[in-house]
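What follows is each chain in one-letter form.
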Amino acid sequence: MSVIEYVYSAHSAFAYLGSAEIQRICRDNDAALVHKPVLLSPVVEAQRSPAFRKRTQEHVDYFFGREIERWAEYRSVPIINHRPSQHDANYSVASGMIIALGETGPQTDRMAHRLMEAHWREDVDLSDETALKTIAQELGLDPETHLARAASREVQDKLQANTKWAISKALFGSPTYIVDGDPFYGQDHLHLVERALETPFKPNNWSNPNVE
């Protein structure tokens, strides 16, 4: 069975836009989806990418507006027409709700998709415990027990470990899909991910001058 390591944040618009498609790709290609939720800001900052508020308005409106609109339409994904009102809230417990279910499996797939859908379709605050308990209950979990597990030291340490691992791999952001060690950044590369499962790409042989 092929394996796709799925690196993303629980509040990522582009991970949400590709969520149903990556799950479809896994089903059609008998591939296991290994979830690795991360805290996004440390990963982005490690690659010296500018923070959201340090970008120009035009850049934000295009990459975090128009691009989201177009891909949502293209993939028939329902989405609100603005940045979620609590997008900068702490989503570590929401991430823990995914990690607590294990790295693979239908429950983990459903939880990841539902959290992102709630955030980007219903403007749900992913730091709100009542909202998170509602989502847990929707998915047939005991809300109190699951939230306590999500917030536990063991699960939160795993979230930190995933984040450090992503930084060590020099990953750019969310979502990143890794097939046999080869990372594909962005849900707009999912057709290449599927191709890699069917016919692996040749090994990297490119050379660039040093940027320093």
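The structure contained in this document is the topic of the report that follows. (Residues numbered from 1 in each chain as written. Predicted model: local features only at pLDDT ≥ 70, side-chain atom pairs only at ≥ 80, totals over all residues. Heavy atoms only, no water.)

Section: the pairing of strand β2 (residues 31-37)
Counting buried positions over the 7 residues of β2 gives 7, a clear majority of the element. The sheet contact formed by strand β1 (residues 2-8) and β2 spans 7 bridges and is parallel. Residue pairing across strands places Tyr-8 opposite Pro-37, the latter belonging to β2. Each parallel crossover has a hand, and the one from β1 via helix α1 (residues 13-29) to β2 is right-handed. (Buried < 20%, exposed > 50% of the residue type's maximum accessible area, 1.4 Å probe, protein only. Helix = DSSP H or I, 4+ residues; strand = E, 2+ residues; numbered from the N terminus. Pairing = 2+ DSSP bridges. Right-handed = clockwise from strand over helix to strand, strands pointing away.)

Description of the side chain of Ser-12
Among the structural elements, Ser-12 can be located in the loop between β1 and α1. Relative accessible area serves as the criterion here: at 6%, Ser-12 is assigned to the buried category. At a separation of 3.0 Å, a polar atom in the side chain of Ser-12 contacts the main-chain amide nitrogen of Ala-15. (Polar contact = N/O pair within 3.5 Å; in protein donor to acceptor, adjacent residues only side chain to side chain.)

Re the packing of helix α6 (residues 129-138) against helix α7 (residues 143-150)
Relative to each other, α6 and α7 sit at 115°, their axes nearing to 9 Å. The two elements α6 and α7 cross, and the hand of that crossing is right-handed. For the pair α6 and α7, the contacting residues are Glu-129, Leu-132, Lys-133, Ala-136 and Gln-137 in the first and Pro-143, Glu-144, His-146 and Leu-147 in the second. (Axes fitted to C-alpha atoms, helices over the stretch in contact; angles between N-to-C directions. Left-handed = near helix turned anticlockwise from the far one by under 90°. Contact = heavy atoms within 4.5 Å.)

Notes on the pattern of salt bridges
The full count for this structure, using the stated rule, is 15 salt bridges. Across the pair Arg-24 and Glu-194 runs a salt bridge, and its minimum N-O distance is 2.9 Å. Note that Arg-24 is positioned in helix α1 and Glu-194 in helix α9 (residues 190-198), a separation of 170 residues in sequence. Judged by its relative accessible area of 15%, Glu-194 falls in the buried class. (Salt bridge = Lys/Arg side-chain N within 4 Å of Asp/Glu carboxyl O.)

Section: the pairing of strand β4 (residues 182-185)
Judged from the 4 bridges that link them, strand β3 (residues 176-179) and β4 form a sheet pairing that is antiparallel. Paired with Val-179 across the two strands is Asp-182, which belongs to β4. Linkage of β3 to β4, two consecutive antiparallel strands, is achieved through a turn of 2 residues, within which Asp-180 is found at a positive phi near 50°.

Examining unusual backbone geometry
Note the cis peptide between Ser-174 and Pro-175, where omega equals 0°. Within the secondary structure, Pro-175 sits in the loop between α8 (153-168) and β3. Even without being a glycine, Asp-30 presents a positive backbone phi close to 50°. Here Asp-30 is to be found in the loop between α1 and β2. Of note, Ser-76 is a non-glycine position whose phi angle comes to about 55°, a positive value. Here Ser-76 lies in the loop between α3 (57-75) and α4 (92-99).

Coordinates in, geometry out; function isn't part of it.
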